[in-house]
Amino acid sequence: MRLSIVLVILRKELVETLRDRRTFVSLVLLPMLLYPLFALLMSRMAGAEMETLEARASKVAVWGELSPEVSQALASAENKIEVLPWHGAPEPLRRDLEAGSIPPPTPAPHAPPGPPRKNSSTEGADAEAKAGAKNRDADRPDAAVALAARALVDAREAHAVLVPWRGFSEDLREGKAARVTIYYDSVWGDSDFAADRLDYALARARDRLLVSRESEKGLPEGFTSALEVTSRNVAPEERRVGKVLGTLMPMMLILMSLLGGFLRAADMTAGEKERGTMQTLLCAPLLPIEIITGKFLAVFVVSLFTALVNVASLGFTLRRILPGEMDVPFSAHALTFALLIPVTLLFSALFLAVAAFARDFKDAQNLLTPVYLPVMLLSMVTSLPGMELTLATSFVPVLNVALLIKAIYLGDVSPDLVLFTLGSSTLFAALTLVFAARVFEREDVLLGGRGSFRAVFSFERQKGGIPSLGFSLGAFAVILVVMFYASLLVEKTTNKTAQLAFTQLGLFFLPALAAIFVSGASMRETLGLRLPRPRALVGAVLAGLSGGAVVSAFATRLVPVPREFADKLGDALLLDGQPLWVLLVVIAVLPALCEETLFRGLLFSGLSRAGFVVALLASSLLFGLAHGSIYRLLPTFSLGLLLAYARHTTRSLLPGVVVHGLNNALAITVLAVRPAWLEKLLRDDQVPLGVGAAAALVLGLGVYLMREPRE
């Protein structure tokens, strides 16, 4: 692939993009106007609606006789309740109510003792709803009253109906509990507001009656209430604002960011077919990978620019509408933009690949819409109550990023979950790019034919050699995702030794061998099953004994590991006090064999088709991400570089196995034995720089010895 050709195609696509006024409007103008206008409109509408509700008196039809105390409470000026005695009550119903022939509804049952539940404030209403869920309105004792009240409220003649049941005043005078029912329509704002006003007024009246009763009986104040419960919301204002933003903004940001890529992908593929320029482009002496890379980069740049404009517009809008003490920090917006990068990577490639099957621009929109809809639905899931980013959701595309954006606004960001989310999203993006490249290799699709998805996904076993880049990456992604979710199930077992052994053998080693077998590639070439020269093995031994000390001396100073995390990791590696030989087998031998088979065998061989540097960096990064902790990322990434170099320079898997095994064996031995001289050597649990420098010399010698002359 020629980089200069890719840049020429990228420049051509970007110039055409900037010339299109519609694209400029959708990329820049729309996001810059959307957020301020939306925020301004919503705040004005909400404020105006609340002011209107508060200014307007609530008309309440009272069907019955209230006691003087309650009447006085309702008539209080602060409540803004306009009492309408017997207003709208049908004459037969009035007679029945005055005669007491209609029994009052059964009070909501008290909730049984148990743990606290959510929405406890509406517990009574919920209990009543559940209790009466199986009963139709017509079967309730007050059905006639409810139907008449509904008709009155529907006709907008009253906001609510208050029914003090027969004997209301007498019960109060005798010290009993008098019954009263509020009928209202929760969907109509005025009716719901009137119900709140009635609740407040009746609660004030009840408090005064309780005080009066306690005084008459000579009881101490608070005797009848027994408990005074006060709830205080300790969530700071930032979290309350973050809850609102985290519910709405992930969906808006993701959808708006992908909108630019959606249109450009359709234009760069189906649009070019329609204009006849795709055929001209294919007649040029260009490789399909150069065309797809140039177009992919153009779609990605457009999507990324759209994401940047959206995040910036959102940031300025929030700074304008929120008070100073509730300001969202700049770091939250920066991290949000960083999270949109893998999403735009993924969907730029996907949109491009799918749109390539379309015959014209309209056809492309029809094909891309089903791809866009799942994105919308996954983004909307974040608004569900209790939906949070967890280990399980961190591997779900789009949903993981949406939930992480929500966590950023709430201030509940976990570094490890950030690592999982970014790692899995990047891996999915790489897979989608491989899929797009496979589509662009089919000239029947690019020349105007519709082709078929089945032909693109068809698989043919190769005969010998090393696996293709797409197959290696795809197989690795499947193994990693299966390993991740299977490990969640394995964690439930209490035997940590069996758990770790199963993970290495059952989720790393055997799947990697099976993938190589299915691909038809040569097991010998893929895994580098050859004996290296003796000096290379000596070099591997030196590198294995010194690599850990070098990493501990330098990497841990760049990314300090919290004491609590280090202690927890150390306890986990000791496997509940297993003897040293068991630790060496499970912690050193098995990972050296199994992880090298997967990472430096299947994965490295496939990635090497894209060049040594790509294979070195990508396999090392994925090796670091697979260890699942941001504090272990730099050390494991550094070790991955050493192992990948050993695999490349010796063309054998064995030196890497030796390095990996010795590195782990030395670490677990030191952790288990904990010799006294080590305590004196370490300073603040860190390897001194002098020791690290000496180990680096040994490591350099080992790397030099592993070098083998190329044929």
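Residues numbered from 1 in each chain as written. Predicted model: local features only at pLDDT ≥ 70, side-chain atom pairs only at ≥ 80, totals over all residues. Heavy atoms only, no water.

### What about the pairing of strand 3 (residues 160-164)?
Counting buried residues along strand 3, five of its five residues qualify, which places the element largely inside the surrounding structure. Neither face of strand 3 is open: one carries A160, L162 and P164, the other V161 and V163, and all of them are buried. Inspection of the sheet shows strand 3 paired to strand 4 (residues 180-183) by four bridges, in the antiparallel sense. Along strand 4, the bridge assignment pairs P164 with V180. (Buried < 20%, exposed > 50% of the residue type's maximum accessible area, 1.4 Å probe, protein only. Helix = DSSP H or I, 4+ residues; strand = E, 2+ residues; numbered from the N terminus. Pairing = 2+ DSSP bridges.)

### Points about the environment of A437
Looking at the element boundaries, A437 is found in helix 15 (residues 415-440). Given the relative accessible area of 16%, A437 is considered buried. Between the alpha carbons of A437 and F296 there is a distance of 9.6 Å; along the sequence they are 141 residues apart.

### Description of the packing of aromatic side chains
Under the criterion given, the structure shown has five aromatic pairs. The interplanar angle of 50° and the centroid separation of 5.7 Å between the aromatic rings of F347 and F351 together place this pair among those described as tilted. Of this pair, F347 and F351 both sit in helix 12 (residues 330-355), four residues apart, which is roughly one turn of the helix. Measuring from ring centre to ring centre gives 6.3 Å for F508 and F599, while their planes differ by 80°; the resulting arrangement is edge-to-face. Of this pair, F508 sits in helix 19 (residues 496-519) while F599 is found in helix 23 (residues 580-607), placing the two residues 91 residues apart along the sequence. The pair formed by F508 and F599 is uniform in burial state, with each residue classed as buried. The side chain of R600 reaches across the aromatic face of F623, ending 4.4 Å from its centre. (Phe/Tyr/Trp six-rings, centres within 6.5 Å; stacked < 30°, edge-to-face > 60°. Lys NZ or Arg CZ within 6 Å of the ring centre and 35° of its normal.)

Nothing here speaks to function; it is geometry throughout.
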